[in-house]
Structure formats: C-alpha cells, structure tokens
Amino acid sequence: MTEPGNLAPQASAPERRPALRARIERVHDHCADTRSLWLRTIGGALPRFSPGMFISVAIPLAEGARVRPYSIASSAEDGEPFEICFNRVPNGAGVAWLFERETGDELDFTGPFGAFTLDRAPEAETIFIAEGTGVAPIRPMAHRALAERDGVPIHLIYAADRAEHLLYRDEFERLARERPRFRFAPHVIPADSLWSDLGRIVQRRWLDADAVRVRNFYICGVGKGVLALRDRLRAGGYERRSVRYEQW
Ligand SMILES: Cc1cc2nc3c(=O)[nH]c(=O)nc-3n(C[C@H](O)[C@H](O)[C@H](O)COP(=O)(O)OP(=O)(O)OC[C@H]3O[C@@H](n4cnc5c(N)ncnc54)[C@H](O)[C@@H]3O)c2cc1C
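Calculation rules
- Residues numbered from 1 in each chain as written.
- Predicted model: local features only at pLDDT ≥ 70, side-chain atom pairs only at ≥ 80, totals over all residues.
- Heavy atoms only, no water.
- 1 Å grid on protein atoms, 1.4 Å probe; cavity = no way out; pocket = protein on both sides within 12 Å on 5 of 7 lines; lining within 4 Å.
- Points joined across faces, edges and corners; volume = space filled by probe spheres on them.
- Helix = DSSP H or I, 4+ residues; strand = E, 2+ residues; numbered from the N terminus.
- Nonpolar A, V, L, I, M, F, W, Y, C, P; charged D, E, K, R; others polar.
- Domains from an automatic or database assignment.
- Phe/Tyr/Trp six-rings, centres within 6.5 Å; stacked < 30°, edge-to-face > 60°.
- Buried < 20%, exposed > 50% of the residue type's maximum accessible area, 1.4 Å probe, protein only.
- Lys NZ or Arg CZ within 6 Å of the ring centre and 35° of its normal.
- Axes fitted to C-alpha atoms, helices over the stretch in contact; angles between N-to-C directions.
- Parallel < 35°, antiparallel > 145°, perpendicular 65-115°, else oblique.
- Left-handed = near helix turned anticlockwise from the far one by under 90°.
- Contact = heavy atoms within 4.5 Å.

Student: I'd like a rundown of the layout of surface pockets, residues and numbers included.
Tutor: The volume enclosed by the second largest pocket comes to roughly 200 Å³. Along the walls of the second largest pocket sit 14 residues, with Ser74, Ser75, Glu77, Asp78 and His143 positioned nearest its centre. The element best represented in the lining of the second largest pocket is helix α3 (residues 135-145), accounting for four residues. Its residues assigned to classes, the lining of the second largest pocket comprises five nonpolar, three polar and six charged. Two domains share the lining of the second largest pocket, each providing at least three of its residues, namely domain 1 (9-113) and domain 2 (126-247).

Student: Help me get a handle on the packing of aromatic side chains, residues and values and all.
Tutor: Tallied over the full model, the rule gives 11 aromatic pairs. Where Trp206 meets Phe217, the ring centres are 6.4 Å apart and the plane angle is 80°; that geometry is what we call edge-to-face. Taken as a pair, Trp206 in helix α5 (residues 194-208) and Phe217 in strand β10 (residues 216-221) lie far apart in primary sequence, 11 residues in all. Accessibility expressed as a relative area gives 0% for Phe217, which makes it buried. An aromatic cluster of three or more residues is present, and its members are Tyr158, Tyr168, Phe172 and Phe184. Cation over ring: Arg139 sits above Tyr168, and NZ or CZ is 3.9 Å from the ring centre.

Student: Explain the packing of α5 against helix α6 (residues 224-235) to me, and be specific about the residues and the numbers.
Tutor: The geometry of α5 relative to α6 is characterised by a closest axis approach of 10 Å and an angle of 20° between their N-to-C directions. Classified by the interaxial angle, the pair formed by α5 and α6 is roughly parallel. Judged by the twist between their axes, the crossing of α5 over α6 is right-handed. Two secondary-structure elements touch here, α5 through Trp195, Leu198, Gly199, Arg200, Val202, Gln203 and Leu207 and α6 through Gly225, Val226, Leu229, Arg232 and Leu233. For the contact of α5 with α6, the residue count by class is seven nonpolar, three polar and two charged.

So far we have only geometry, and geometry alone does not tell us how the molecule works.
Structural data, given as structure tokens:
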C-alpha cells in the first residue's frame, strides 16, 4: 500500500535497514493478555525515529521464521530502553512467542520504519482515534503534539472492549489535567460494536456538528473498522491526507 499512513511493513521493510539486536530489560503486564517490553539495543543504538514508527521483530517459530511489526510505544525523547506493547491474539503464534520472552532474553529486529507518523506539533485541530493496543503508536504522537503548552486542540478518542484494555489511562488523564487543550475521551465498548460506535461518535462530533473540515485524524486499530472510519471521514469532506491511519 502506498499512500501515507497505509503501510505494507511485513513484506518490504526488513531489507532496508540492518538487523539489530536488543535485550529485554523490563517486562510489565498491563493485564492478563496485554504486555509491554522495554528493549535496549545491543552493540549500537536505536536509529532515530519519529513518533508512530514501528520495529519489525524476527520471530523464529518451529514452522518457519516470521516478521511482525510492533509500534514503539515510548517517545524518542525518552531514549533507551524503548517500549513495545502488545496483546494476545487468537491463534497468534507470533505474539505468543513474544509473550514467552523474559527479562535478559534477546531478540532481533529491523527498523524503525513507518509513514504513520507525527513529527511536529500540528497546525490544525487533531483527533487521535485508537482501539486497545492501537494506542501504542498514538501515545508518542500525542506527546509530540502536546510538547508545547500552547497550540491547537488535541483529542484522543480511545476505545476498548474492557476497562483493563484502556492502556496508559492515568497518563492520558494526567496529560488532560496539565494541558487544557488536550481532551481525553476513553470509551468501553463491546468488541462487536466498537468501530460502529466510534463511527457514530465521529459522525456526531466531527461531521454533523459543523462545516469545518480543516482537522487532522490519526486512526489506529485492528481490522476493517479502521478503513470504514477513514472512508466516512473522507466521504464527509476531509482531505485524504488529513485522515491518516494504520490498520493491523
Ligand atoms: C504497522 C503495524 C504495527 C503494529 N504494531 C503492533 C503493536 O504495537 N502491538 C500489537 O499488539 N500489535 C501490533 N501489530 C500487529 C502485530 O504485528 C501482529 O500482527 C500481531 O501481534 C499478531 O501476530 P501473530 O503472528 O501472532 O498472528 P497472525 O497470525 O499474524 O495474526 C492473526 C490475526 O490477528 C489480527 N491482529 C493483529 N494485531 C492484533 C491485535 N493487536 N489484536 C487483535 N488482533 C490482531 C490480524 O489482523 C490477523 O487477522 C502491528 C501491525 C502493524 C501492521
């Protein structure tokens, strides 16, 4: 896929940068099926990256090696170790392998890669929309967008099927208290209606409420709901380049 925010990382990315190795320095379970690892690059440093980028992790399974992208959930300013965050997936053998890794283990990766990024504070009102671990690339983007005290309004509409799947909630609530221009809206929505409910929220707030179409959207999550939301916003009058997305 070629347009900005629409990636084909598993097929093409790994060849473009040298293989790196990292040691797991810390493991944290957000809940029973969601975990963060903090990784420190061995024998070098993580190349410079923009908020929103991912690394491609080499996963050596008995049935054959696979490469899976994982977004960098920490900010570039925080340096190393850097954080990735992931959840179990039904029949997901790749992520099951990641869950078996422990502190002190090493893993191979390439990157960082990606075009779903936000490099500098936006000039137009910006709305981040994420589901579950889909907040991983959004988190450093939101911090970058809010780096300056003053600026445009920034919103995070964050949905998950259970409250425990709303990650970094305390951090976002603290950020909303510190930066009045940041609005944080967490939603617990059953999985089967998550994207349709998000679609309704977006329709009411960002399409029906006014005729303004100068806003940026960054959408991240699993499945076709991401594309449906993208299409709804574009059909509603937002420019293609103003609606960025990453579908897992
Ligand atoms: C650019 C990019 C960045 C990504 N960053 C992250 C990340 O930061 N954290 C993360 O958990 N995953 C992330 N993913 C998804 C991740 O790369 C793997 O697809 C996922 O861990 C499942 O891999 P698997 O090999 O275990 O299962 P597979 O057999 O490859 O996947 C099985 C199914 O799971 C779906 N799926 C993928 N991710 C998830 C998920 N998180 N929850 C539920 N279903 C899912 C896929 O659409 C697929 O249909 C990212 C994907 C992309 C394209």
